[in-house]
Amino acid sequence: MEHIELFFKSIFIDNMVFATFLGMCSYLAVSKKVSTAVGLGAAVIFVLAVTVPLNWLLDQYILKEGALVWLDAKYGVDGAETLDLSFLSFIMFIATIATMVQLVEIIVEKFSPSLYNSLGIFLPLIAVNCAILGGSLFMQSREIPSLGLALTYGVGSGIGWFLAILAIAAIREKIRYSSVPPALRGLGITFIITGLMAIGFMSFGGMLTGGDEKKEEAPKVEAKADKKDLLKKEDAKEIVAENTKINK
Amino acid sequence: MGLLSKKDAALITDPLADNNPITIQVLGICSALAITAELKASIVMALSVMAVLAIGNVVISLMRNIIPSKIRIIVQLIVVAALVIIVDLVLKAFAYELSKTLSVFVGLIITNCIIMGRFEAFALANGPWRSFLDGIGNAAGYGLILIIVGFFRELLGSGTLLGFKVLGDPIEKTGLYAMGYENNGFMLLSPMALIVVGIIIWIQRSKNTSLIEEN
């Protein structure tokens, strides 16, 4: 249930383009034709789905305050549990993203030349797409509790971005046949249409949270505490599951 | 200006209007829109970008002959990321409240297309002094739009500028509010940032018709 909620939330309510304006540069530059927009959108989904969980692991086991506690347990490093490396997160995240993009490019080129031909030119563009780094930074600041949810969040926000660029590309293809005031042509009208679309997307705001919050106002604190415990349990389960996988 | 030759001065003045990074080059829009609901945040964001872009341009320009061109993107990203971390720490130390408002958008300066764009287009081919001026100029052009958008959104949205109630008090009904004026809360919502930028582009291009695109 959690997964479904986060999935739809990241597609519609917290849509990368319409709610937080991430990835606007490539959104405006590559949305002249539907076919190229689809290529870039697919590449964004793919890279977000890879980098968000990866950066989640980095955040959880290296960067967070107290994340290095495993060093203490395993190797007896003193004071590891008080270390807070979160100021390094920008550089770690961007390095992960840049290398992952490069790696993905090499792998795709090797195993699927046809996919490379359609996606390849977009991959270098993606390293500097704000949506990718933004995905990781929002994952960190919203404290997404588990690896599975991080994956859901990555895929969801990728699909949200894909949806946005597909929509604007379709509109821009049609708008070529209408008489826009000369000074608004091109960039200006694209901005205003995006603004109108963003207003439309705001109506999704009440979809998941609006109704529930009012009902559960009183027992909220308890529920929160319960949730946290649950999440911790889930975390532990996942870690165990991962470990067993590694052992196998 | 005695200090700057005419050519150098153009590096600063061009990006302010006819070669503006946001309205003409279409770079750096990501962060420009999300934080402009308040004038103060816009100003701080503009100054941060200016610091990062000017220093980064100088660093890249000094290293331009020793960076292998194959890995230049990663080198550039690391340089920006290091500078942004410094800016982030400074903001957290001296303006904590504001750094909470800006949240992830300080970090997103790293992927601000203006910065990578200027590195690629200018700093890799020019000396440090000219790169520095280019950085200041482009960041100023970016900041100008940010401040204009922030000004209108804060003035029309909450009736304040930098937190001062310039239009009177909406609760005690003084100033303009006494005549039945109401704040337009819609201006504070994110879609309006896009529409305000769209209108700025419209005005700029109707004044300078050579900038008009063919669809």
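Residues numbered from 1 in each chain as written. Chains lettered and ligands numbered in written order. Predicted model: local features only at pLDDT ≥ 70, side-chain atom pairs only at ≥ 80, totals over all residues. Heavy atoms only, no water.

Asker: Any chance you could break down the overall build of chain B for me, citing the residues and the numbers?
Answerer: Each helix and strand counted, chain B has nine helices and zero strands in total. Across chain B, helices and strands are ordered from the amino to the carboxyl terminus as α-α-α-α-α-α-α-α-α. In terms of overall dimensions, chain B has a C-alpha envelope of 65 × 45 × 40 Å along the principal axes. Per-residue burial over chain B gives 49% buried out of 215 residues. A separation threshold of at least 6 residues defines the contact pool for chain B, and within that pool the share at least 24 residues apart is 73%. Looking at chain B, you have 15 positive and 14 negative side-chain charges, and the mean spots of the two groups are 8 Å apart. (Helix = DSSP H or I, 4+ residues; strand = E, 2+ residues; numbered from the N terminus. Buried < 20%, exposed > 50% of the residue type's maximum accessible area, 1.4 Å probe, protein only. Contact = heavy atoms within 4.5 Å. Lys, Arg positive; Asp, Glu negative; His and termini not counted. Charge placed at Lys NZ, Arg CZ, Asp CG, Glu CD.)

Asker: Lay out the interface of chain B and chain A with the relevant residues and their values.
Answerer: Contact with chain B, which involves 40 residues of that partner, is made by 42 residues of chain A. Across the chain B/chain A interface, buried area totals approximately 3,700 Å², and carbon plus sulfur atoms make up 83% of it. Seen at the junction of chain B and chain A, the total is zero salt bridges. Remark: the boundary between chain B and chain A carries zero residue pairs in polar contact (both at pLDDT 80 or more). The biggest single contributor to the side of chain B that touches chain A is helix 9 (residues 190–207) of chain B, with 10 residues. Classifying every residue of the side of chain B that touches chain A by side-chain character gives 29 nonpolar, eight polar and three charged. (Buried area = accessible area lost by both parts, 1.4 Å probe. Salt bridge = Lys/Arg side-chain N within 4 Å of Asp/Glu carboxyl O. Polar contact = N/O pair within 3.5 Å; in protein donor to acceptor, adjacent residues only side chain to side chain. Nonpolar A, V, L, I, M, F, W, Y, C, P; charged D, E, K, R; others polar.)

Asker: Tell me about the UniProt feature "transmembrane region" (unreviewed entry) in chain A, and please be specific about residues and values.
Answerer: All names here are of chain A. Under the present numbering, the feature "transmembrane region" (unreviewed entry) in UniProt falls on residues 6–30, 37–58, 87–108, 115–138, 150–171 and 183–204. In this annotation, residues 6–30 is assigned 56% helix and 0% strand; the end-to-end C-alpha distance for the span is 28 Å. With 91% helix and 0% strand, residues 87–108 has end C-alpha atoms that lie 33 Å from one another. (UniProt positions renumbered as here; feature names shortened; annotations may be inferred.)

Asker: Help me get a handle on the packing of helix 4 (residues 72–94) of chain B against helix 7 (residues 113–123) of chain B, residues and values and all.
Answerer: Residues and elements named next belong to chain B. Running from amino to carboxyl end, helix 4 crosses helix 7 at an angle of 130 degrees, the nearest separation of the two axes being 11 Å. As the angle between them shows, helix 4 and helix 7 are arranged oblique. Handedness of the crossing formed by helix 4 with helix 7: right-handed. Contacts between helix 4 and helix 7 involve R72, I73, Q76, L77 and V80 on the former and, on the latter, I115, M116, F119 and E120. (Axes fitted to C-alpha atoms, helices over the stretch in contact; angles between N-to-C directions. Parallel < 35°, antiparallel > 145°, perpendicular 65-115°, else oblique. Left-handed = near helix turned anticlockwise from the far one by under 90°.)

Asker: Lay out the UniProt feature "transmembrane region" (unreviewed entry) in chain B in plain terms, naming residues and giving numbers.
Answerer: All names here are of chain B. Per the UniProt record, "transmembrane region" (unreviewed entry) is annotated on residues 41–62, 74–95, 101–119, 131–152 and 185–203. Secondary structure within residues 101–119 divides into 68% helix and 0% strand; the distance between the first and last C-alpha atoms comes to 28 Å. Across residues 185–203, helical content stands at 74% and strand content at 0%; the span's end C-alpha atoms are separated by 24 Å.

Asker: Got a sec to walk through the pattern of salt bridges? Specific residues and values, please.
Answerer: Under the defined criterion, the tally for this structure stands at three salt bridges over all chains. A salt bridge links R142 of chain A to D14 of chain A, with the nearest nitrogen and oxygen atoms 3.5 Å apart. With R142 of chain A in the loop between helix 8 (130–141) and helix 9 (147–175) and D14 of chain A in the loop between helix 1 (2–13) and helix 2 (24–29), this residue pair connects regions lying 128 residues apart in the sequence. With a shortest N-O distance of 3.0 Å, R118 of chain B and D134 of chain B are connected by a salt bridge. Placement of R118 of chain B in helix 7 and of D134 of chain B in helix 8 (residues 128–158) is noted, with a sequence separation of 16 residues between them. According to the relative accessible area criterion, D134 of chain B is buried, its value standing at 2%.

Asker: Report on the confidence of the model for chain B, specifying residues and quantitative values.
Answerer: In this model, chain B carries an average pLDDT of 81, and 95% of its residues clear a pLDDT of 70 or more. Quick note on the complex model: pTM equals 0.78, ipTM equals 0.79. (pLDDT = per-residue confidence, 0-100.)

Asker: Describe the nonpolar core, listing the residues and the values that go with them.
Answerer: Counting 117 residues, the largest nonpolar core has M24, Y27, I126, W161 and F191 of chain A together with L33 of chain B as the members making the most contacts within it. Every residue in contact with M24 of chain A, bar those within four places of it in the chain, is listed here: V17 and T194 of chain A together with I29, C30, L33 and L194 of chain B. Residues L39, L155, L161 and Y177 of chain B belong to the second largest nonpolar core, which totals five residues. (Core = buried A, V, L, I, M, F, W, Y, C linked by side-chain atoms within 4.5 Å.)

Asker: So what's going on with the side chain of S10 of chain A? Which residues, and what values?
Answerer: Residues and elements named next belong to chain A. With respect to the helices and strands, S10 occurs in helix 1. Side-chain polar atoms of S10 contact the backbone oxygen of F7, separated by 3.0 Å. Setting aside anything within four residues of it in sequence, one finds S10 in contact with N15, T152, Y153, G156 and S157.

Asker: Could you give an account of a nonpolar patch on the surface, naming the residues involved and the relevant values?
Answerer: Taken together, M1, I4 and F8 of chain A make up a surface patch of nonpolar side chains, about 340 Å² in accessible area. With respect to the helices, strands and loops of the structure, M1 of chain A is situated in the segment before helix 1. (Patch = residues over 30% accessible without salt bridge, like charges linked within 9 Å, V, L, I, M, F, W, Y side chains within 5 Å. Areas by Shrake-Rupley, 256 points an atom, 1.4 Å probe, with all protein chains shown as cover.)

Asker: Please give an account of the packing of helix 5 (residues 89–111) of chain A against helix 8 of chain A that cites residues and values.
Answerer: Residues and elements named next belong to chain A. One way to put it is that helix 5 packs onto helix 8 with a least axis distance of 10 Å and a crossing angle of 135 degrees. Compared by their axis directions, helix 5 and helix 8 come out oblique. Crossing of helix 5 against helix 8: the hand is right-handed. In contact with S89, F90, F93, I94 and I97 of helix 5, helix 8 contributes I132, L133, S136, L137, M139 and Q140. Each residue belonging to the contact of helix 5 with helix 8 can be placed in one class, and the counts come to eight nonpolar, three polar and no charged.

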